[in-house]
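Commentary on secondary and tertiary structure
The primary structure of each chain is shown beneath.
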Amino acid sequence: MKPQTQPEIQFEALAEDALLLRFGERIDIDLNARVQATAASLRNRLPELECVSAYASLLLRFDPWTWAGKDGQHPHQQLQAAVSAALRGNDPQTIAPRELIIPVCYDGEYGPDLADVAAHCGLDADAVIARHTAADYRVAMLGFAPGFPYLLGLDPQLSVPRRTDPRQRVPAGSVAIGGSQTGIYPEVLPGGWQLIGRTPLRLFDVAASDPSLLAAGDRVRFRAIDEETFNQLLAATPR
Amino acid sequence: MSASILKPGLLSSLQDAGRPGHAALGVGRAGAMDGPAWQLANALVGNHHGEAAIECTLLGPSLRFEHAAVIAVTGAAIAVHADEQQIPLWTSCYLPAGSVLQLGGMAHGCRAYLAVRGGFDVAPILGSRSSDLHARIGHQQGRALRAGDVLPIGAATPLPALADGNEVRPLHWSLDPQPWFDFDRRPLALLHGSHWSQLDEASRQYLAGGNFILSKDSNRTASRLDGHALHLQAPLELISEAALPGTLQLPPSGQPIALLAEAPVTGGYPRIGQIAAVDLPRLAQLRPGDNVCFHESTLDDALTRLAARQQRLTRLLETIAQRLEHA
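Residues numbered from 1 in each chain as written. Chains lettered and ligands numbered in written order. Predicted model: local features only at pLDDT ≥ 70, side-chain atom pairs only at ≥ 80, totals over all residues.

Some words on the confidence of the model for chain B
- Mean pLDDT for chain B: 95, with 100% of residues reaching 70 or above.
- Complex prediction metrics read pTM 0.94 and ipTM 0.95. (pLDDT = per-residue confidence, 0-100.)

What about the sheet that holds strand β11 (residues 188–192) of chain B?
All names here are of chain B.
- The mixed closed barrel is built from seven strands, whose spatial order is β11-β18-β15-β16-β13-β12-β19. Geometrically, the sheet is characterised by an average inter-axis angle of 40 degrees between neighbouring strands, direction not taken into account.
- Bridge count between strand β15 (residues 247–249) and strand β16 (residues 257–259): two bridges; the pairing is antiparallel. Bridge pairing links Gln-249 to Ile-257 in β16.
- With respect to the sheet, helix α5 (residues 299–324) is in contact with β11 and β19 (291–297), its orientation differing from that of β11 by roughly 140 degrees. (Pairing = 2+ DSSP bridges. Helix = DSSP H or I, 4+ residues; strand = E, 2+ residues; numbered from the N terminus. Axes fitted to C-alpha atoms, helices over the stretch in contact; angles between N-to-C directions. Contact = placed C-beta atoms within 7 Å.)

Describing the packing of helix α1 (residues 35–44) of chain B against α5(B)
Residue and element names in this part refer to chain B.
- The geometry of α1 relative to α5 is characterised by a closest axis approach of 9 Å and an angle of 15 degrees between their N-to-C directions. Relative to α5, α1 is oriented roughly parallel. With respect to the hand of their crossing, α1 and α5 are arranged in right-handed fashion. Within the contact between the two elements, α1 uses Pro-36, Gln-39, Ala-43 and Leu-44 and α5 uses Leu-313, Leu-317, Ile-320 and Ala-321.
- Here the residues of the contact of α1 with α5 sort into seven nonpolar, one polar and no charged. (Parallel < 35°, antiparallel > 145°, perpendicular 65-115°, else oblique. Left-handed = near helix turned anticlockwise from the far one by under 90°. Nonpolar A, V, L, I, M, F, W, Y, C, P; charged D, E, K, R; others polar.)

Some thoughts on the domain arrangement of chain B
All names here are of chain B.
- Domains assigned within chain B are domain 1 (2–180) and domain 2 (188–307).
- With centres defined by C-alpha atoms, the gap from domain 1 to domain 2 works out at 29 Å.
- Facing 21 residues of domain 1, the contacting portion of domain 2 comprises 13 residues.
- Elements represented by at least two residues in the side of domain 1 that touches domain 2 include exactly α1 and β8 (100–116). (Domains from an automatic or database assignment.)

Some thoughts on the interface of chain B and chain A
- Of the residues lining the interface, 29 residues belong to chain B; the matching set on chain A comes to 33 residues.
- Elements that contribute at least two residues to the side of chain B that touches chain A include exactly β14 (241–242) and α5 of chain B.
- With six residues, α5(B) is the largest single contributor of residues to the side of chain B that touches chain A.
- Considering only residue class, the side of chain B that touches chain A consists of 20 nonpolar, seven polar and two charged.

Concerning unusual backbone geometry
Residue and element names in this part refer to chain B.
- Residue Pro-179 follows Gln-178 across a cis peptide bond; omega there is 0 degrees.
- In this fold, Pro-179 is placed in the loop between β10 (169–170) and β11.
- Notably, Asp-83 is not glycine yet its phi reads approximately 45 degrees, a positive angle.
- In this model, Arg-136 sits at a positive phi of 55 degrees, which is unusual for a non-glycine residue.
- Mapped onto the elements, Arg-136 comes out in the loop between β8 and α2 (139–142).
- Classification of Arg-136 by C-beta neighbours within 10 Å gives partly exposed; the count is 17. (Buried ≥ 20, exposed ≤ 12 C-beta atoms within 10 Å, placed from the backbone.)

Re the pairing of strand β18 (residues 271–275) of chain B
All names here are of chain B.
- Among the five residues in β18, five count as buried, and that is most of the element.
- In terms of strand pairing, β11 meets β18 through three bridges, oriented antiparallel. Bridging across to β18, Leu-191 finds its partner in Gln-274.
- Where β15 and β18 come together, three bridges link them in antiparallel fashion. Looking at β18, one finds that Thr-247 is bridged to Gln-274.

Details of the sheet that holds strand β1 (residues 10–15) of chain A
All names here are of chain A.
- Spatially, β1-β2-β4-β3 is the arrangement adopted by the four strands of the open sheet, whose pairing is antiparallel. Lying at the two open borders of the sheet, with one neighbouring strand each, are β1 and β3 (50–53). Pairs of neighbouring strands in the sheet enclose a mean axial angle of 25 degrees, with direction left out of account.
- Bridging between β3 and strand β4 (residues 57–61) involves four bridges; their strand directions are antiparallel. Across the sheet, Ser-53 pairs through a bridge with Leu-58, a residue of β4.
- Against the sheet, helix α3 (residues 75–87) makes contact with β1, β2 (18–22) and β4, and its axis sits at roughly 40 degrees relative to β2, the strand it touches most.

See below:
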C-alpha cells in the first residue's frame with residue numbers, strides 16, 4: 001500500500017441534499033489547492049454533483065433520491081462511498097491553473113483608502129502598490145456576491161483590519177484589502193474592506209456564456225495602470 | 001400576451017424553482033420560498049415546465065390582463081378579486097381579456113403565489129426566471145415588481161376545463177389547502193448543525209423547544225429569530241464555508257439567523273442547526289412577530305418526511321393534470 005500522504009477528508013452531512021468535505025480548518029494556499037484539485041476531479045467523475053469550494057472545504061449538492069440505497073435510505077453514505085472511490089488511488093490531478101492579470105488604477109479617487117493602508121503598514125503608497133502587484137494570488141473561492149473573489153497570497157505586511165465604518169456603496173471594480181485577504185467588488189455593493197484601487201475589468205456579467213471573470217483556483221496578479229489607461233480600458237469593456 | 005402591474009403590493013417578485021448549479025460563481029439559488037405552493041399554483045393552470053409565478057408578500061399586487069388568461073392563487077390565505085368578484089384560492093379561474101386582478105391582504109400566512117397558464121415568460125437568466133432580490137439577478141436586474149411593469153405571458157393552448165367566455169369563471173372544484181398551507185404552529189424540525197455541541201447546555205435546551213419571535217429583520221435572504229440569546233461554550237474562530245438555505249447560524253449577538261432562499265453561498269458564523277427542508281415552506285409562511293419553535297430531529301427522519309411529502313405532491317400533481325383535461 002502507498003503511504004498515506006494526505007490527511008483524511010472529513011465528511012459532514014449538512015442537509016438532505018448537501019454533503020461537506022472538510023480538508024482542514026485553516027486559510028492556507030496549499031490546503032485550498034487540494035480543495036480545487038478535488039473539485040476538478042469530482043466535476044469530471046461525478047458531473048451530476050454541484051461542487052462549491054471554500055477555503056478548506058468543498059460542498060456537494062446532490063439529488064438525495066438518486067443517491068438513496070435500495071431501501072431508499074442513507075443517500076449521504078452512498079455518496080460518501082462514491083466520492084471516496086472516485087478520489088482513491090488517484091492523487092488529485094494537479095491542474096495547471098489559469099493565470100489572469102488584473103489591471104488596477106491605484107491613483108487618487110480610485111484608491112480612497114490607500115493612504116490609510118500605507119500609514120497603517122508603515123509604508124508609503126508606492127511601496128504598498130509595489131507589494132500588492134508583486135504577489136502571486138490564488139482565488140480561494142467566490143462568494144459574498146456573484147463573482148466576488150477571495151484572493152490568498154497577500155503580502156503579510158499589507159494586512160489591515162476592515163474599516164470600522166463600512167461603506168454603503170463600494171464602486172464596482174474596487175480592489176480591496178480585508179484582513180489578510182484581498183478581493184475585488186464586482187458590482188456596487190456595501191462593504192467594509194479597505195479600497196486601494198480599482199480595475200476597469202468587468203468581473204461578473206450574467207449575460208456572458210461564462211459569467212464570472214474568475215473561478216476558484218485561478219492564479220491572479222495585479223498590474224498598476226494610470227488613470228488614462230483605466231479610462232481607455234473602461235471604454236473598451238462592454239457594460 | 002402580457003399582464004401589466006398596476007400596484008406592486010408589498011414585495012412581489014417572479015419566482016420559479018430557482019437557479020441551481022452556480023454557487024461556485026457566488027450565485028445562489030433563490031426561487032419560490034414555499035416550493036409546494038408554487039408548484040401547485042402552476043399545476044392548477046396546467047403548467048408543467050416549472051414556469052415562473054409571482055410570489056406575493058403580505059399584501060399582493062394588482063394586475064391587468066391584456067388578453068384572456070387562466071390563473072391560480074395558492075399559498076397564504078390572501079383576498080383575491082377580479083373585477084370586484086371574489087376569486088377562490090387553490091383552484092384555477094378564467095379571466096376574460098381586460099380583467100383587473102386584485103390581490104389584497106392575507107388573513108393567514110406570509111406568501112402567496114399567482115400562476116398564469118403559459119407562465120410569466122421573461123428571459124431566463126442562468127437557467128431561471130427567479131428574481132434574486134439580494135444578488136440582483138433576474139428580470140429587471142432582479143428587482144421586485146413595480147407599477148408599470150409589463151410581464152409577457154407564454155403561449156398556451158386553452159385549458160379544456162375552462163374554455164373561453166366573457167365572464168370571470170373559477171373551476172367548480174378546488175384543492176384542500178391542508179397540508180400544503182398549515183394553520184397550526186407545530187414546531188419546525190431542526191437537525192443538529194456542525195457547532196450544535198459547542199453551544200452551552202442552556203442554549204441547547206432553549207433552541208430545542210424554547211420560543212423565538214420572527215424578527216422584522218426578515219426577508220428572502222434570512223430571518224432573524226429573537227429570543228433568549230444563545231451562547232457558545234467558548235468563542236469559535238471559523239473560516240467561511242459554503243452556506244445553505246435552512247442553515248441556522250449564530251452571529252455574535254446570540255440571536256440565531258435562519259438562512260432562506262436567497263442565502264449567500266458562503267458564510268462564516270457558527271452553524272448550530274439545519275431546519276429540515278420539508279419544514280422550510282412552513283417557515284416561509286410565518287410573519288414578522290410570529291412565534292417560531294423547534295424540535296430536535298434527525299437527518300433520517302427529515303429525509304423520510306421529505307420523501308413522503310414528495311410522493312404526496314407527485315400524486316396530487318397527477319390528479320390535477322387528469323382533472324383539468326375534463327371539462
